[in-house]
Amino acid sequence: MLFTSILYLAFALASDDSLPPGDGQAIVQQKCISCHALKVITARKASRPQWSTTVDQMITRGADVSDDDVETLVDYLAKNFGPATGQAGADKGHERTVPVNVNGATASELAGALDLTEQESTAIVSYRKQNGNFKQWRDLTKVPGIDAKKIESNKDRLEF
């Protein structure tokens with residue numbers, strides 16, 4: 001047990017030099033590296049919505065990240081381990097070509113897939129919880145604060 005603790009501490013200290021400085025560095029060291037090799041994190045190049053989805057999934061699976069730390073963590077990961085400049089459009093384009101189930105997607109998934117603001121995607125999830133599942137794309141235009149043109153431009157990709 002002592003050996004394991006020393007090994008973990010040595011790994012965590014060695015990781016200080018491997019992670020870029022920033023507000024989320026300590027959160028990655030405390031919350032992510034305990035389950036994942038540093039290389040798994042640093043090798044991934046993901047957009048902010050993709051990191052947000054990943055962090056949400058890790059929390060669902062038991063990661064102990066406080067609500068206050070989630071945004072800091074996602075911002076840090078997206079800033080330091082985001083897609084390369086040449087790939088940003090390609091990644092976004094890929095996200096926007098796959099179908100999205102609006103009755104099962106999280107706010108982060110909706111934002112990334114449909115190019116919605118965080119406020120718009122959160123409004124969709126809240127509306128869905130209060131009023132039940134959507135049946136057709138026009139139902140989404142009833143959500144207060146939603147840009148109907150964004151929904152209509154993505155209507156062929158929506159699943160219900």
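Residues numbered from 1 in each chain as written. Predicted model: local features only at pLDDT ≥ 70, side-chain atom pairs only at ≥ 80, totals over all residues. Heavy atoms only, no water.

**Quick notes on the confidence of the model for the protein chain**
Piece 1. In the predicted model, the protein chain carries a mean pLDDT of 79, and the fraction of residues at 70 or more is 81%.
Piece 2. Residue range residues 1–17 is modelled with pLDDT below 50. Its contacts to residues more than four positions away, or to other chains, number ten contacts.
Piece 3. A low-confidence stretch, residues 85–94 (pLDDT under 50), is modelled with four contacts involving residues beyond four sequence positions or located in other chains. (pLDDT = per-residue confidence, 0-100. Contact = heavy atoms within 4.5 Å.)

**As for the pattern of salt bridges**
Piece 1. Throughout the structure, instances matching the rule amount to five salt bridges.
Piece 2. Among the ionic pairs, K31 bridges to D64, the shortest N-O distance being 4.0 Å. Placement of the pair is K31 in helix α2 (residues 25–32) and D64 in the loop between α4 (48–60) and α5 (67–80), with a sequence separation of 33 residues.
Piece 3. Using a relative accessible area of 59% as the deciding quantity, one classes D64 as exposed.
Piece 4. Among the charged side chains, a salt-bridge network with shared partners connects R48, E71 and D75. (Salt bridge = Lys/Arg side-chain N within 4 Å of Asp/Glu carboxyl O. Helix = DSSP H or I, 4+ residues; strand = E, 2+ residues; numbered from the N terminus. Buried < 20%, exposed > 50% of the residue type's maximum accessible area, 1.4 Å probe, protein only.)

**Section: the environment of D69**
Piece 1. With respect to the helices and strands, the residue D69 is situated in helix α5.
Piece 2. When the C-alpha atoms of D69 and I27 are compared, they prove to be 7.4 Å apart, with 42 residues separating the residues in sequence.

**Details of the side chain of S121**
Piece 1. The topology assignment puts S121 in helix α8 (residues 118–131).
Piece 2. For S121, a relative accessible area of 1% corresponds to the buried category.
Piece 3. Setting aside chain neighbours within four positions, we find S121 in contact with A107, L110, A111 and L116.

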